[in-house]
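One-letter residues, chain by chain:
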Amino acid sequence: MAKRQKNRLAEGGCIDRSKPLAFEFNGRKLQGFAGDTIASALLANGISTVSRSFKYHRPRGVFSAGVEESGGLLTVTSGNGDIPIVRSTLTALAEGKIIRSQNCFPSVNFDLGRSLDFSHRLWSTGFYNKTFKWPHWRWYEATIRRLAGLGKLASGEDNTGYFHHNLHCDVLIVGAGPAGLAAALSAANSGARVVLAEQEHEVGGSLLRQAAEIDGLEPDPWIAATLATLRQSGNVTVMTSSTVCGYYDHNVLTIADRSDAGVKRFWKVRTKQVVLATGAIEQPLVFCNNDRPGIMLAASAMAYVHRYGVRPCASMLVATNNDSAYAAAFSLHDHGVQIPAIVDVRENIAPALVQQADQRGIPIMPGSVIIDTAGFRRLSKARIGRLSKDAQTVLPASRWIRCSGIAMSGGFNPTLHLYSQAGGKLHYNVQLACFLTATCAQQVLVAGAANGRFLLPDALAESVQAGAQAAGNAGFECRPVAISTSVAGSYALQANRISPAGDTHRQWVDWLHDVTVADIEQAAQENFVSVEHMKRYTSAGMSVDQGKTSNLNALTLLAGLTDKPIEEVGTTTFRPQFMPLPMGVIAGQRRADFYQPARLLPAHDWHLAKDAVFEDYGAWRRPEYYAGNGKDRAEAIRAEVLSVRRNAGLFDGSPLGKIEVKGPDAGDFLNRIYVNNIQTLKTGHIRYGLMLNENGIIIDDGVCARLEDELYLLSTTAANADRIGGWLEEWHQCEWPHLELLISPVTSQWAVITIAGPDSRYILQSIDSDIDFSAESLPHMSLSTGVFAGVDARVQRVSFSGEMSFEISVAAKHGQTVIEHLLASSAHLKPVGIEAILVLRTEKGYLHVGADTDGTSNALDVGFAGIVAKKQTDFVGKRSLLRARDQSAERRQLVGIEAVDKHENLQAGAHFVTTDGAAQRSEGMVTSACYSPTLQRIIGLGMLEKGFARKGETVTVFDAGRTFSARITDPVFYDPAGERLHA
Amino acid sequence: MLQITCPYCGCRDETEYSFGGESHVSRPAPDAGDAEWSDYLFNRSNPRGIHYERWQHRFGCGRWFNIARDTVSHEIYATYEMGDARPDLPGKADN
């Protein structure tokens, strides 16, 4: 049975008392109302301690009523697992919510981690950098990782619907407080397409927490009337529960939209103009033990009363350095919260405010600050001291005042995170003691409190103009609306936020990361005096908060410690995201099968039916081996290799990159691209070639076939097909545009079926075809076209296995039929997967670019010196091969390798190490290794220093802590004379 | 995210394009000295201000073209075809 909401007011607020909502907090069954946030419902139920702090595990309560929340970050259980770090102040309460405190064990009211607080002097800034390095960080890491972090991530499948959308508009207005609403009215009135985005679940912003009269209406009816006008205009989209999180180049902004339950939307908005009506965040005061539950920002305390009909505490001391907190004090008082005193750092207070306080019987303590607070678990009293005349010290006399809460105001700081993200610069305004906009290259206007207009009439007056101006900049006629308001107000801030007395180790600056004044002092003492260094060393402003309540005080402190004005200390750069987002929001639907859509072979279904075991190779899903060929993976691969060596194998090579280059200058062009001479290649013939980048490094290899006089077909490695297509285009368009040719990537238009092995010719000859497969007509490295098994086909006699081999290319749609036809024609033909092909090519010593070569391997390192020397004309990378370093005999060169003990498990990635000299040094690596079923031993390829000259030498191989001996051989282990290849 | 006007297709989002580095870098003849060749390979102007660079409309028409972009503000002052000379940008002095 839900308990009575003991701190709920009988009436008032934007909540619906006729719609109770049951929820659970740390196992307690509680009740709130529709319109509540989680935080307001907890306060209504008199819950003061809601979580534990990050480092010292101190009890923390609800601190604010908005995005700047530091205490009320809670774990909410949904059908989809636990979601940590939910901002309870921004999240609407819903029926049946299960909410838990985080960062505490065993419970939020008794947390063993609090021992870290009692021993806090041991854990000052930088403690782990200094302490946990001996003997090694690893000794401590596990324990520290267990203690660190806020909340726990849910494990298991996330069923939330994450969607990405695009939106285009003329004017995007960020924030639907009074400024945003006024700007929207003017922009819409001017005819612009407007998007108005509000992070809270209802619009109104600061109007929801204050008494005012606008156009003769109270705030609530004015908001309702404004929304109706905007809706009627037909060109305004109002988004609530939608936080603008990022501001990127050329006016692209992103919005995290939580407005649909169970669905998270991420909008990418491209807009002509932006109006930032993001308001300002109230800044906390810094005094000893300023983090106890019950201490909150004054405007937030007022919001709980006005907007949610909740008394945050029974009695609240009000502490301020400006006039704005007086409205909070009076409002709290008028709703039954006892105000023991208003503690004001200023000596001179406006008579009107003094009079209103007197009427309510609230004593004002001018020229005073809070020095300390006391209480166990929750606040019980505060100690007040009087400031000296220069406000630099506190006079000795002080007194304790009983209170259960403190509403504090250190003035406001405009929320300019997005402006900073947009590349805007900020400057410090001494009079308002806050940062304001300076310059920004993007199309952005800033209006209202975000622009330092902290009083409602100023904010409204500015915003109606800003909205119209934004529309005007977007090409519409400026038609600002008129808004009248009768509210008078004053601000009169005195820039003292930091109490000059008390233990600085207990004066919180960053509530979220438990950074205190002492930490900032220590950073300055250790010469971390640049604001960016101080931030990273102390971690002030680095947590979920992102500086919203900590930045200004930390900068003020640093300025004082380094004797510089704040404007010279500067501020840190804000970066996306404005508010933490679940990774799923950013990923959207690009996960699981949609992360990288698989490319399937034309005959995929056939491979599936043949028990192919698939693996992703780049974007392609290809048969690794066929389960039917052996009892396990190794045996199947072995059987497939032997079938190619003894009879014949069928390999689906469709992903092979295929690019056609056509035109009168095609040969000239390719001659500039390949290391090999293409000009001497005759029609109907094929040549193997290497491609280099300008630095002489191998980027791809493959064969180049001359199909017709002016038509060439290039093969690239499967993974490189797109890249090489782009590479050719870039060289043609940017360097040699005068060459007449066209480049067409045709990879997916063809199915490529390779038949390799001594029986391959005999098998092909048994198929109905007009192609002559004889050795005389179709020798190695030549091609023929004709009809094969009833379809048009091109046959290239090329080999990656070292056996006689035919590549049959047919239109992709015929791939499956031709494969079925071939398999049915011979009992000796086995399907083979890509792993068998890789073993076959290793036996033959054929290069696998990217495996045997890396970003340091040039053409000379793989034995191309003769070809390079012979080629007279220029090609990409040629000049680089002439550098002394590229020609050095000391380089790593391609070699074959076999273990001296043939049972030794040679692995790719093992190092060749020197054995002479004091220190062992790597001389290169084993780049490919496999068991060769043909040779019945383990063989490999590698890149070894001076490798060409070391054939026959025995070297030491280091692998996973062991060393063993291996022999350097020629890379070609199988059929070095090429008799089988040319059969 | 930049919005780039392809000289052939019009205004599109950056996601349709790929960046190709500084433009107007001339490739030395094959007999160039080591210093000249290494300057071509490794050194670029990297200015604060106007940068002349080449982009490809990779997921559009496939054409390469040039852009004059301000590296501070990301403002794009001009787009022009491959082979065209750097445009005059009066009043857009280097920052």
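In what follows, the structure referred to is the one given above.
In this text, all values refer to a predicted model and were calculated from it rather than measured experimentally.

Draft legend 1. View of the overall build of chain B. Along chain B, the regular secondary structure elements total one helix and six strands. Ordering the α and β elements of chain B from the N terminus gives β-β-β-α-β-β-β. Viewed in the frame of its principal axes, chain B has a C-alpha envelope of about 40 × 30 × 20 Å. Within chain B, buried positions represent 37% of all 95 residues. Summarising the internal contacts of chain B: among those between residues at least 6 apart in sequence, 46% fall at separations of at least 24.

Draft legend 2. Layout of the interface of chain B and chain A. Taken together, the contact between chain B and chain A spans 25 residues of the former and 25 residues of the latter. The contact between chain B and chain A buries some 2200 Å² in all, and 46% of this surface belongs to carbon and sulfur atoms. The interface formed by chain B and chain A holds six salt bridges in total. With a shortest N-O distance of 3.0 Å, Arg27 of chain B and Asp874 of chain A are connected by a salt bridge. Counting across the interface, chain B meets chain A through 16 residue pairs in polar contact (both at pLDDT 80 or more). At the level of secondary structure, the elements contributing two or more residues to the side of chain B that touches chain A comprise helix H1 (34-42) and strand E4 (50-56) of chain B. When residues of the side of chain B that touches chain A are assigned to their parent elements, the largest contribution, five residues, is made by H1 of chain B. Residues of the side of chain B that touches chain A, tallied by class, amount to eleven nonpolar, seven polar and seven charged.

Draft legend 3. Up close: the nonpolar core. Residues and elements named next belong to chain A. Formed by 55 residues in total, the largest nonpolar core has its most connected members in Leu172, Ile255 and Leu276. When residues of this core are assigned to their parent elements, the largest contribution, six residues, is made by helix H14 (residues 551-561). Aside from chain neighbours lying at most four places away, what touches Leu172 is Val195, Leu253, Ile255, Val269, Thr271, Gln273, Val274 and Val275. Of all hydrophobic cores here, the second largest spans 48 residues; its members include Ala44, Ala301, Ala303 and Cys313.

Draft legend 4. Region of interest: the environment of Asp249 of chain A. Its place among the elements puts Asp249 of chain A in the loop between strand E11 (242-248) and strand E12 (252-257). Between the alpha carbons of Asp249 of chain A and Thr754 of chain A there is a distance of 49 Å; along the sequence they are 505 residues apart.

Draft legend 5. Quick look at the state of the cysteines. This structure, assessed with the given rule, holds zero disulfides over all chains. Residue Cys169 of chain A stays outside any disulfide, its sulfur separated by 15 Å from that of Cys11 of chain B, the closest cysteine. Overall, the relative accessible area of 3% leaves Cys169 of chain A in the buried class. Cys440 of chain A takes part in no disulfide bond, and the closest cysteine sulfur to it belongs to Cys169 of chain A, at a distance of 17 Å.

Draft legend 6. Representation of the sheet that holds strand E5 (residues 64-70) of chain B in the model. Taken in spatial order, the four strands make up an open sheet running E3-E4-E5-E6 (chain B), and their pairing is antiparallel. Single-partner strands in this sheet number two, and they are strand E3 (18-22) and strand E6 (76-81) of chain B. Ignoring strand direction, the axes of neighbouring strands in this sheet form an average angle of 30°. Contacting E3, E4 and E5 of chain B, helix H20 (residues 721-735) of chain A runs over the sheet at an angle of about 75° to E5 of chain B.

Draft legend 7. Up close: the sheet that holds strand E34 (residues 686-692) of chain A. All names here are of chain A. Read from one edge of the open sheet, five strands run E34-E35-E36-E33-E37, paired in antiparallel fashion. A strand with exactly one partner marks an edge of an open sheet, and here the two such strands are E34 and strand E37 (742-745). The mean inter-strand angle of the sheet, taken between neighbouring strand axes irrespective of direction, is 25°. As paired elements, E34 and strand E35 (residues 698-708) share seven bridges and run antiparallel to each other. Bridge pairing in E35 places Ile686 opposite Ala705. Packing against the sheet, H20 makes contact with strand E33 (657-662), E34, E35, strand E36 (711-716) and E37, and its axis sits at approximately 20° to E33.

Draft legend 8. Representation of the pairing of E11 of chain A in the model. Residue and element names in this part refer to chain A. E11 sits mainly inside the fold: six of its seven residues count as buried. Note: E11 against E12, six bridges, orientation antiparallel. Bridging from a neighbouring strand, Tyr248 pairs with Val252 of E12. Between the antiparallel neighbours E11 and E12 lie three residues, among them His250 with a positive phi of about 55°.

Draft legend 9. Local environment of the side chain of Asp519 of chain A. Residues and elements named next belong to chain A. Within the secondary structure layout, Asp519 lies in helix H12 (residues 517-525). It is Lys55 that comes nearest to the buried, bridge-free Asp519 among opposite-charge side chains, at 4.8 Å. If we skip the residues at most four places from it in the chain, Asp519 touches Ser124, Thr125, Asp514 and Thr538.

Draft legend 10. Up close: a nonpolar patch on the surface. Together, Phe105, Phe110 and Leu112 of chain A give the surface a local cluster of nonpolar side chains, amounting to about 360 Å² of exposed area. Assignment of secondary structure puts Phe110 of chain A in the loop between strand E7 (98-100) and helix H2 (115-118).

Draft legend 11. Representation of the environment of Asn629 of chain A in the model. Residues and elements named next belong to chain A. Within the element layout of this structure, Asn629 appears in the loop between strand E31 (620-626) and helix H18 (633-646). On the basis of relative accessibility, which here comes to 15%, the residue Asn629 falls in the buried class. Sequence separation of Asn629 and Leu728 is 99 residues, and the distance between their C-alpha atoms is 40 Å. If near-sequence neighbours (up to four positions away) are discounted, Asn629 is found in contact with Glu635, Ala636, Ala639, Glu640, Lys830 and Pro831. Polar contacts involving the side chain of Asn629 include one to the side chain of Glu640, which spans 2.9 Å.

Draft legend 12. Examining the environment of Gly46 of chain A more closely. Residue and element names in this part refer to chain A. Along the chain, Gly46 falls in the loop between helix H1 (38-44) and strand E3 (51-52). For Gly46, a relative accessible area of 21% gives the class partly exposed. For the pair Gly46 and Asn7, spaced 39 residues apart in sequence, the C-alpha to C-alpha distance is 5.9 Å. Beyond its immediate sequence surroundings of up to four residues, Gly46 is in contact with Lys6, Asn7 and Arg378.

Draft legend 13. Unusual backbone geometry, seen in detail. All names here are of chain A. For the bond from Pro576 to Gln577, the omega torsion is 5°, close enough to zero to count as cis. Checked against the element boundaries, Gln577 lands in the loop between helix H15 (566-569) and helix H16 (583-587). For Asp563, which is not a glycine, the phi torsion comes out positive at approximately 55°. For Asp563, the location among the structural elements is in the loop between H14 and H15. Despite not being glycine, Ala592 has its phi angle at roughly 50°, a positive value. Looking at the secondary structure, you find Ala592 in the loop between H16 and strand E29 (599-600).

Draft legend 14. Quick peek at helix H23 (residues 834-844) of chain A. Residue and element names in this part refer to chain A. Across the eleven residues that make up H23, a large majority, ten, are buried. Taken together, the buried positions of H23 are occupied by Ile834, Glu835, Ala836, Ile837, Val839, Leu840, Arg841, Thr842, Glu843 and Lys844. Where the residues of H23 are buried, they touch strand E30 (612-617), E31, H18, strand E32 (648-652), strand E45 (922-932) and strand E46 (937-945). Phi turns positive, to about 75°, at Gly845, one or two residues after H23.

Draft legend 15. Examining the packing of helix H8 (residues 324-334) of chain A against helix H9 (residues 351-360) of chain A more closely. Residues and elements named next belong to chain A. Viewed as axis vectors pointing N to C, H8 and H9 meet at an angle of 15°, and their least axial separation amounts to 11 Å. Relative to H9, H8 is oriented roughly parallel. H8 and H9 meet at a crossing whose hand is left-handed. Side by side, H8 and H9 meet where Tyr326, Phe330, His333 and Asp334 of the first sit next to Leu353, Gln356, Ala357 and Arg360 of the second.

How each quantity is defined
Residues numbered from 1 in each chain as written. Chains lettered and ligands numbered in written order. Predicted model: local features only at pLDDT ≥ 70, side-chain atom pairs only at ≥ 80, totals over all residues. Heavy atoms only, no water. Helix = DSSP H or I, 4+ residues; strand = E, 2+ residues; numbered from the N terminus. Buried < 20%, exposed > 50% of the residue type's maximum accessible area, 1.4 Å probe, protein only. Contact = heavy atoms within 4.5 Å. Buried area = accessible area lost by both parts, 1.4 Å probe. Salt bridge = Lys/Arg side-chain N within 4 Å of Asp/Glu carboxyl O. Polar contact = N/O pair within 3.5 Å; in protein donor to acceptor, adjacent residues only side chain to side chain. Nonpolar A, V, L, I, M, F, W, Y, C, P; charged D, E, K, R; others polar. Core = buried A, V, L, I, M, F, W, Y, C linked by side-chain atoms within 4.5 Å. Disulfide = S-S within 2.5 Å. Pairing = 2+ DSSP bridges. Axes fitted to C-alpha atoms, helices over the stretch in contact; angles between N-to-C directions. Lys, Arg positive; Asp, Glu negative; His and termini not counted. Patch = residues over 30% accessible without salt bridge, like charges linked within 9 Å, V, L, I, M, F, W, Y side chains within 5 Å. Areas by Shrake-Rupley, 256 points an atom, 1.4 Å probe, with all protein chains shown as cover. Parallel < 35°, antiparallel > 145°, perpendicular 65-115°, else oblique. Left-handed = near helix turned anticlockwise from the far one by under 90°.

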